[in-house]
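# Topology and contacts: notes
Single-letter residue listing:
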Amino acid sequence: MWPGHYLPIVTALTLGAMAVPAHAATIQIVMENLVVSPAAVSAKVGDTIEWINKDVLAHTATARNGDFDVTMPPKKTVTSFLKKAGMVEYYCRFHPNMKATLTVAP
Amino acid sequence: MFVRLSTAIAALSFLTSAALAQGTKPTDPQIAHIAYTAGVIDITAAKQAISKASNKDVKAFAEDMVRDHEAVNKQALDLVKTLKVTPEDNDTSKTLSKQAADKLAELGKLKGAEYEKAYVANEVAYHKAVNSALETQLIPSANNAELKSLLQTGLKIFQGHQQHAEHVAAGLK
C-alpha cells in the first residue's frame, strides 16, 4: 500500500517526533461527497498529509506516476509523510472523477 | 441497443409523473423503501456484471457499484432504525423490482462485448433516472431532515457514478 517513498502510518507516527523537522506542517486534505478539497495542495518534503475521508464510501489517493496509493476506509483519517519532491496528480481508483494535485517542494 | 428504454427507468419516470399528476407525495417510509430498492437493483446488476464481464474497466466499475451502493444502503438501514421508521413497500418499489428483474434477464442473454456495452449503457440511463427522481421527487418530498440529507448525499454519489459510467461507456466505443 505504501510503495517507494511512503511509510506505513504506524511507522510515520512512531518516527514522527524524530523524523519531522520542527517546521514541518500537517496538511489536511478532505474527501467529502466525492470531492477532494483543496483540489490543489502545495507542501514541502517533511510535511504530513492527513487524508480525511468524510464519506461513507472508501476512497483512495492514487498517484498517476505510481508514487503512492493511499486507501481511506469510510469515515477514517489516514496519515502519510512526504519524503519526495515533485508534482503529483492523483485520483480515486473507486471514483475516477475525483482528481487533485499535490505539489511537494524540496 | 438503445431501442428499448429500460423498464426500470420507465418506472422511475412513472414515479415522478404519477405522483405529480395526483398531487401526492411519497411518505418518508415509502421514500426509504424506494431508495433502498433502487440501490439493491444496482447491486444485483453489478454482481451479474462481475460474473459476466471481462473488460477490466467494466468489472472495476461494477465492483465500485457494489461497494458504494452497499455502503449507502447500510447507512439507510442504520437511519431507519434510528428514526424507528419501517420502510414501506409501495407500487413504485414493486414496479422497479419487477422491471429490474426483466432487465437482468434480458442482459443475462447477452454475451461478451455486447453484454458489456448494454450493461454500461443501462447504468448510465439508470443512474440518470434515479438522480432525476431523487432531485425532483424524493428529496423534495422527504420530511425528515436526516433522510433528506442522506438522499442528498446519495444524489452526489450517484451523480459521480453516472459520470463514471459515461466515462466507461465512452471507452467501449
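Residues numbered from 1 in each chain as written. Chains lettered and ligands numbered in written order. Predicted model: local features only at pLDDT ≥ 70, side-chain atom pairs only at ≥ 80, totals over all residues.

## Some remarks on the pairing of strand E4 (residues 48–53) of chain A
Residue and element names in this part refer to chain A. The two faces of E4 differ: Ile49, Trp51 and Asn53 on one face are buried, but Thr48, Glu50 and Ile52 on the other face are not. Where E4 meets strand E7 (residues 77–81), five bridges bridge the pair, whose relative direction is antiparallel. Bridging across to E7, threonine 48 finds its partner in phenylalanine 81. (Buried ≥ 20, exposed ≤ 12 C-beta atoms within 10 Å, placed from the backbone. Helix = DSSP H or I, 4+ residues; strand = E, 2+ residues; numbered from the N terminus. Pairing = 2+ DSSP bridges.)

## As for the sheet that holds strand E2 (residues 35–37) of chain A
All names here are of chain A. Spatially, the four strands line up as an open sheet ordered E2-E1-E4-E7, and their pairing is mixed. Since the sheet does not close on itself, it has two edges, and those belong to E2 and E7, each with one partner. Taking each pair of neighbouring strands and ignoring which way they run, the sheet shows an average axis angle of 20°. (Axes fitted to C-alpha atoms, helices over the stretch in contact; angles between N-to-C directions.)

## Notes on the interface of chain A and chain B
How big an interface is tends to be expressed through the accessible area that disappears when the partners come together. Facing 10 residues of chain A, the contacting portion of chain B comprises 13 residues. Grouping the amino acids of the side of chain A that touches chain B by side-chain chemistry returns seven nonpolar, three polar and no charged. (Contact = placed C-beta atoms within 7 Å. Nonpolar A, V, L, I, M, F, W, Y, C, P; charged D, E, K, R; others polar.)

## A closer look at the packing of helix H3 (residues 56–83) of chain B against helix H6 (residues 145–171) of chain B
All names here are of chain B. Orientation of H3 relative to H6, taken along the N-to-C sense of each, is 175°, at an axis distance of 11 Å. It follows from the interaxial angle that H3 and H6 lie roughly antiparallel. Residues Asp57, Val58, Phe61, Asp64, Met65, Asp68, Val72, Gln75, Ala76, Leu79 and Leu83 of H3 lie in contact with H6, whose contacting residues are Glu146, Leu147, Leu150, Gly154, Ile157, His161, His164, Ala165, Val168 and Gly171. Broken down by class, the residue content of the contact of H3 with H6 amounts to 12 nonpolar, five polar and four charged. (Parallel < 35°, antiparallel > 145°, perpendicular 65-115°, else oblique.)

## Concerning the nonpolar core
In this structure, Ala35, Val58 and Leu138 of chain B are the most contacted members of the largest nonpolar core, which totals 57 residues. With residues up to four places along the chain from it excluded, the contact list for leucine 138 of chain B reads Ile31, Ile34, Ala35, Ala133 and Leu151 of chain B. (Core = buried A, V, L, I, M, F, W, Y, C linked by C-beta atoms within 7 Å.)

## A word on helix H5 (residues 112–141) of chain B
With 30 residues, H5 of chain B should cover 44 Å at 1.5 Å per step; its first-to-last C-alpha distance of 41 Å lies within 8% of that length. Largest kink in H5 of chain B: about 45°, centred on leucine 134 of chain B. (Expected span 1.5 Å × (residues − 1). Bend = angle between axes of the 7 residues up to and from the residue.)

## A short note on the environment of serine 42 of chain A
Residues and elements named next belong to chain A. Its place among the elements puts serine 42 in strand E3 (residues 40–44). Among the residues examined, serine 42 registers 13 C-beta atoms within 10 Å and is labelled partly exposed. As for serine 42 and proline 73, which are separated by 31 residues in sequence, their C-alpha atoms are 24 Å apart. If near-sequence neighbours (up to four positions away) are discounted, serine 42 is found in contact with Thr103 and Ala105.

## Thoughts on the sheet that holds strand E6 (residues 69–72) of chain A
Residue and element names in this part refer to chain A. Pairing is mixed in the open sheet, where five strands are placed in the order E3-E9-E8-E5-E6. Edge positions in the sheet fall to E3 and E6, since each of these pairs with one other strand and no more. Each adjacent strand pair in this sheet contributes to an overall mean axis angle of 20°, direction not counted. Summarising the sheet, strand E8 (residues 86–91) and strand E9 (residues 99–105) pair through six bridges and their orientation is antiparallel. In the sheet register, valine 88 faces E9, and the bridge partner there is leucine 102.

## Points about unusual backbone geometry
Residues and elements named next belong to chain A. Residue proline 38 follows serine 37 across a cis peptide bond; omega there is -5°. We note that asparagine 33 has phi near 50°; this positive angle belongs to a residue other than glycine. Locating asparagine 33 in the fold gives a position in the loop between strand E1 (26–32) and E2. With phi around 60°, lysine 75 is a residue other than glycine that occupies positive phi space.

## Points about the confidence of the model for chain B
Residues and elements named next belong to chain B. Summing up the model confidence of chain B, the mean pLDDT is 89 and the portion of residues at 70 or higher is 87%. Below a pLDDT of 50 lies the segment residues 18–22, which in the model reaches four contacts outside its immediate sequence neighbourhood of four places, other chains included. Model confidence for the complex is summarised by a pTM of 0.80, with the ipTM given as 0.74. (pLDDT = per-residue confidence, 0-100.)

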